[in-house]
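Residue-level structure breakdown
The lines below spell out each chain.
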Amino acid sequence: MTDDIISRERAAAPGALRRRIGGLSDRALAWIFIVPTILLLLAINIFPLIWTIRLSLTNYRANRTNAELEWVGLRNYERILTDPDIWNSMQATAHFLVWTLVFQVLIGFSLAYLINKKFKGNDLWTTIIVLPMMLSPAVVGNFWTFLYQPQIGLFNYVVAFVSGVDPSSFSMIGDVRLAPWSIVIVDTWMWTPFVMLICLAGLRSIPDYIYEAAEVDRASRWRQFWTITIPMVLPFLMLAVLFRGIENFKMFDLVVQLTGGGPGSITELTSINLKREAFEKWRTGYSSAYAIILFVTVFGLASIYVKALNKVKER
């Protein structure tokens with residue numbers, strides 16, 4: 001197929017260019033097409049990474065370009081790893097990450113399992129459920145900020161109707177105890193449909209004859225669920241966790257719109273903390289080291305997780 005494409009390109013080229021192309025091997029032509037892509041990737045990804053590593057070893061500040069650049073070695077990394085504020089933001093990120101993944105996997109898989117059962121209005125309900133993930137995080141943040149208002153917000157009145165408490169007696173985004181859960185609720189509402197779609201794809205990939213064979217062997221529905229459904233959907237579930245875990249680790253815009261990292265710094269995730277170090281305090285070298293640490297953390301955890309995912313697929 002590749003030879004046919006190259007032959008057509010040669011035939012369509014002008015005479016001089018045709019002779020030039022005709023003298024090139026297939027390997028040379030492949031490199032002609034690949035090299036621009038490699039150069040683009042180097043310019044967009046590799047060079048900024050190398051430049052960030054270089055800055056992380058200095059005391060560079062972007063708002064003081066005339067100041068003398070001083071090499072500080074690994075001092076920035078040492079300061080970051082011993083800074084209690086950094087560890088507080090890591091803790092806030094871990095809380096947000098773990099609970100959003102738990103809720104999204106449980107609710108998303110449950111919705112996928114129900115929708116996989118054919119019933120009237122199936123397509124309509126699927127469309128309604130996936131609507132939140134179609135919205136911009138900035139729009140969702142503003143929308144839920146209004147819902148969380150103690151005086152006029154619908155969320156407080158729903159909680160009051162269920163629990164009987166005064167709707168103006170608590171503030172989801174203003175209370176230190178409730179603010180972390182407010183962003184968990186919103187992210188779960190927005191991205192559970194994504195997990196549901198992946199799980200639905202996994203459920204619909206299971207051949208019907210496997211369940212038919214299990215029924216012939218008189219396996220109960222509960223046993224079919226644990227011995228057929230869960231093992232065969234597990235790779236899809238793990239893939240959804242991988243995608244949402246990476247995205248939530250770098251969550252920024254939704255939390256900024258909802259709480260801005262407050263009250264205090266209780267919802268200040270690592271991405272927000274990094275932005276403040278880089279563009280409010282202008283500690284460019286320090287924030288570069290911070291970014292490298294986050295990159296290594298995400299890359300390392302994702303690599304370990306992908307190996308576990310591959311082992312599950314091989315079973």
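Residues numbered from 1 in each chain as written. Predicted model: local features only at pLDDT ≥ 70, side-chain atom pairs only at ≥ 80, totals over all residues. Heavy atoms only, no water.

1. Focus on the side chain of Thr188
Note that Thr188 resides in helix α9 (residues 179-204). Looking at Thr188, the relative accessible area reads 9%, which means it is buried. Once residues lying within four places of it in the same chain are set aside, the contact partners of Thr188 are Thr100, Phe103, Gln104 and Ile107. (Helix = DSSP H or I, 4+ residues; strand = E, 2+ residues; numbered from the N terminus. Buried < 20%, exposed > 50% of the residue type's maximum accessible area, 1.4 Å probe, protein only. Contact = heavy atoms within 4.5 Å.)

2. Observations concerning the packing of helix α11 (residues 221-249) against helix α14 (residues 284-314)
Packed helices, taken two at a time, are described by the angle their axes make and the gap between the axes. For the pair α11 and α14, interaxial distance at closest approach is 10 Å and the crossing angle is 175°. Of the possible angle classes, the one that applies to α11 and α14 is roughly antiparallel. Where α11 abuts α14, its residues Leu234, Pro235, Met238, Leu239, Val241, Leu242, Ile246 and Phe249 lie against Leu294, Thr297, Val298, Ala302, Tyr305, Val306, Ala308, Leu309, Val312 and Lys313. (Axes fitted to C-alpha atoms, helices over the stretch in contact; angles between N-to-C directions. Parallel < 35°, antiparallel > 145°, perpendicular 65-115°, else oblique.)

3. Re the domain arrangement of the protein chain
What the domain assignment reports for the protein chain is domain 1 (15-55) and domain 2 (84-314). In this assembly, four residues from domain 1 lie in contact with five residues from domain 2. Counting the surface domain 1 buries against domain 2, the share from its top three residues, Leu49, Thr52 and Leu55, is 89%. Taken together, domain 1 and domain 2 are joined by zero salt bridges. One can count zero residue pairs in polar contact (both at pLDDT 80 or more) joining domain 1 with domain 2. (Domains from an automatic or database assignment. Buried area = accessible area lost by both parts, 1.4 Å probe. Salt bridge = Lys/Arg side-chain N within 4 Å of Asp/Glu carboxyl O. Polar contact = N/O pair within 3.5 Å; in protein donor to acceptor, adjacent residues only side chain to side chain.)

4. A few points about unusual backbone geometry
Cis geometry marks the peptide bond from Gly262 to Pro263, where omega comes out at -5°. As for its position among the elements, Pro263 is in the loop between α12 (253-258) and α13 (270-279). Positive phi outside glycine occurs at Arg218, with the angle close to 60°. Looking at the secondary structure, you find Arg218 in the loop between α10 (208-216) and α11. You will see that Trp282, though not glycine, has its phi angle at about 55°, which is positive. Along the chain, the position of Trp282 falls in the loop between α13 and α14.

5. Regarding the packing of aromatic side chains
One pass over the structure, following the stated rule, counts 19 aromatic pairs. Aromatic pair Trp222 and Phe225: ring centres 6.1 Å apart, planes at 20°, arrangement stacked. Here Phe225 and Trp222 lie together in helix α11, a separation of three residues that amounts to about one turn. Three or more aromatic residues link up through ring pairs in this structure, and these residues are Phe109, Tyr113, Trp222, Phe225 and Trp226. The residue whose ring lies beneath Arg283 is Tyr286, and the NZ or CZ to ring-centre distance is 4.0 Å. (Phe/Tyr/Trp six-rings, centres within 6.5 Å; stacked < 30°, edge-to-face > 60°. Lys NZ or Arg CZ within 6 Å of the ring centre and 35° of its normal.)

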